[in-house]
Amino acid sequence: MSKIISIANQKGGVGKTTTAVNLSTALAACDKRVLLIDLDPQGNASTGFGIDNIQRNVQIYHLLTQQAHINDAMQQTIVPKLFIVPADMDLAAAEVEIRNKENREYMLDQILRPISRSFDFVIIDCPPSLGLLTVNALSASESVLVPLQCEFYALEGLAQLLRSVELVKKNLNPNLSVQGIVLTMFDSRNNLSEMVVNDVKQHFGKQVYQTIIPRNVRVSEAPSFGQPVLMYDINCPGSKAYALLAAELLQQENVIL
């Protein structure tokens, strides 16, 4: 059965999509079959693999509105063993269209069931808000991985997200857990980054991954070339960090590399 992990943070600009794209790539590079679900109407995860709008004619919106089957929407990415269900701005309408549906919180769960044995990991890139799309992601997932930017308001946003996770666990998905917290955009020249790292580790202990994702210009450049950073520049600090994060996650899952 697939391990389904939502990558979520209610705050934007924390490296959520970057983590979804590059962690998925790193897991595929470890010989795991991975499906990435782009569940953000901005469609940045799809753009990060060079999938243009013409190639998104069947996407997650069509699955949620029951116009297509998941096999019609899955695309092979430029990374071997890594597939994606893309998204674009049409997805924003899905929240309105499914609002009155029965079991509306479980629509993504039902979509994923037919392919649950086809992949080792399903990674869901959530939008930066706790709307019906994110609730669907959390209801379908075993765990949530939280990217956390090394900045002043980080802990405040994290507390809000963890409250939301507890609400979903209590009311919709009792099996949901926190996979871990990954610190992103770390700047070694900035004392504030170091303070945030210490604060988060003090509050959350072993829930925080040892791997810290540095602020790195190559990570920022890669999406504009339609590539994960591990393909764009495998030797840069960002690529090495995401490879280490994947190894840490696999060790967490007791997967032998």
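Remember, it's a predicted structure, so these values are computed and weren't measured experimentally.

### Focus: the packing of aromatic side chains
Part 1: Under the definition given, this model contains two aromatic pairs.
Part 2: Ring geometry for Phe225 versus Tyr232: centroids 5.0 Å apart, planes at 25 degrees, classification stacked.
Part 3: In this structure, Arg33 is placed above the aromatic ring of Phe119, and the distance from its NZ or CZ to the ring centre is 5.1 Å.

### Remarks on the packing of helix α1 (residues 16–29) against helix α12 (residues 237–252)
Part 1: Two elements in contact, α1 and α12, have axes whose closest approach is 9 Å; the angle formed by their N-to-C orientations is 70 degrees. Regarding the angle of α1 to α12, the classification is roughly perpendicular. The handedness of the crossing between α1 and α12 is right-handed. Of the residues in α12, those touching α1 at Thr18, Thr19, Asn22, Leu23, Ala26 and Leu27 are Tyr242, Ala243, Leu245, Ala246, Leu249 and Leu250.
Part 2: Of the residues in the contact of α1 with α12, the class split is nine nonpolar, three polar and no charged.

### Section: α1
Part 1: The end-to-end C-alpha separation of α1 is 20 Å, in line with the 20 Å expected for 14 residues at 1.5 Å each.
Part 2: Within α1, twelve of the 14 residues are buried, which leaves it mostly tucked inside the rest of the structure.
Part 3: Within the sequence span of α1, burial applies to Lys16, Thr17, Thr19, Ala20, Val21, Asn22, Leu23, Ser24, Thr25, Ala26, Leu27 and Ala28.
Part 4: Where α1 terminates, the next one or two residues include Asp31, which has phi positive at roughly 70 degrees.

### Section: the sheet that holds strand β6 (residues 143–149)
Part 1: With mixed pairing, the eight strands of this open sheet are ordered in space as β3-β4-β2-β5-β1-β6-β7-β8. Taken across any chain shown, the strands that pair with only one partner, and hence form the sheet edges, are β3 (75–76) and β8 (208–214).
Part 2: In this structure, strand β7 (residues 177–186) lies alongside β8, joined through three bridges in parallel fashion. If you follow Leu183 over to β8, its bridge partner there is Ile212.
Part 3: Packing of helix α9 (residues 191–204) onto the sheet brings it into contact with β6, β7 and β8, and relative to β7 it is tilted by some 170 degrees.

### A few points about α9
Three- or four-residue spacings in an α-helix give side chains the same orientation, since the helix completes a turn every 3.6 residues.
Part 1: The end-to-end C-alpha distance of α9, which contains 14 residues, comes to 20 Å, matching closely the 20 Å that a straight helix rising 1.5 Å per residue would cover.
Part 2: Within the sequence span of α9, burial applies to Ser193, Val196, Val197 and Val200. Angular distribution of buried residues about the axis of α9 spans 100 degrees; they occupy a single face of the element. Across from the buried face of α9, at angles greater than 90 degrees, the exposed residues are Asn191 and Gln202.
Part 3: Check the buried side of α9 and you find it contacts β6, α8 (154–171), β7 and β8.
Part 4: Two or three places before Leu192, at the start of α9, stands the capping residue Asn190, its side-chain oxygen 2.8 Å from that residue's backbone nitrogen.

### Here's the deal with the pattern of salt bridges
Part 1: Counted under the stated rule, the structure contains eleven salt bridges.
Part 2: The residue Arg189 makes a salt bridge to Asp187 at a minimum N-O spacing of 3.1 Å.
Part 3: In this structure Arg189 comes out as exposed when scored by relative accessible area, which is 74%.

### Things to note about the nonpolar core
Part 1: If you look at the biggest cluster of nonpolar residues, it comprises 49 residues, and the most contacted ones within it are Ile60, Leu112 and Ile124.
Part 2: Sorting elements by how many residues they give to this core places α8 first, with six residues.
Part 3: Discounting chain neighbours no more than four positions away, the residues touching Ile124 are Ile4, Ile5, Ser6, Ile7, Ile37, Leu39, Leu108, Leu112, Ala137 and Ser141.
Part 4: Ala28, Phe49, Ala222 and Leu230 belong to the second largest nonpolar core, which has 33 residues in total.

### Observations regarding the pairing of β7
A regular strand places its side chains so that they alternate between the two faces of the sheet.
Part 1: For β7, a buried count of seven out of ten residues is recorded, marking the element as mostly surrounded by other parts of the structure.
Part 2: By the bridge criterion, seven bridges tie β6 to β7 in an arrangement that is parallel. If you follow Leu148 over to β7, its bridge partner there is Leu183.
Part 3: Taken together, β6, α8 and β7 form a β-α-β motif whose crossover is right-handed.

### Focus: unusual backbone geometry
Part 1: Unusually for a residue other than glycine, Gln66 sits at a positive phi of about 60 degrees.
Part 2: Position of Gln66 among the secondary structure elements: in the loop between α3 (60–64) and α4 (70–73).
Part 3: Positive phi is not limited to glycine here, since Lys81 has a value of about 70 degrees.
Part 4: Under the relative-accessibility criterion, Lys81 is labelled partly exposed at 32%.

Here is what the cut-offs are and how they apply
- Residues numbered from 1 in each chain as written.
- Predicted model: local features only at pLDDT ≥ 70, side-chain atom pairs only at ≥ 80, totals over all residues.
- Heavy atoms only, no water.
- Phe/Tyr/Trp six-rings, centres within 6.5 Å; stacked < 30°, edge-to-face > 60°.
- Lys NZ or Arg CZ within 6 Å of the ring centre and 35° of its normal.
- Axes fitted to C-alpha atoms, helices over the stretch in contact; angles between N-to-C directions.
- Helix = DSSP H or I, 4+ residues; strand = E, 2+ residues; numbered from the N terminus.
- Parallel < 35°, antiparallel > 145°, perpendicular 65-115°, else oblique.
- Left-handed = near helix turned anticlockwise from the far one by under 90°.
- Contact = heavy atoms within 4.5 Å.
- Nonpolar A, V, L, I, M, F, W, Y, C, P; charged D, E, K, R; others polar.
- Expected span 1.5 Å × (residues − 1).
- Buried < 20%, exposed > 50% of the residue type's maximum accessible area, 1.4 Å probe, protein only.
- Pairing = 2+ DSSP bridges.
- Arc of directions from axis to C-beta.
- Polar contact = N/O pair within 3.5 Å; in protein donor to acceptor, adjacent residues only side chain to side chain.
- Salt bridge = Lys/Arg side-chain N within 4 Å of Asp/Glu carboxyl O.
- Core = buried A, V, L, I, M, F, W, Y, C linked by side-chain atoms within 4.5 Å.
- Right-handed = clockwise from strand over helix to strand, strands pointing away.

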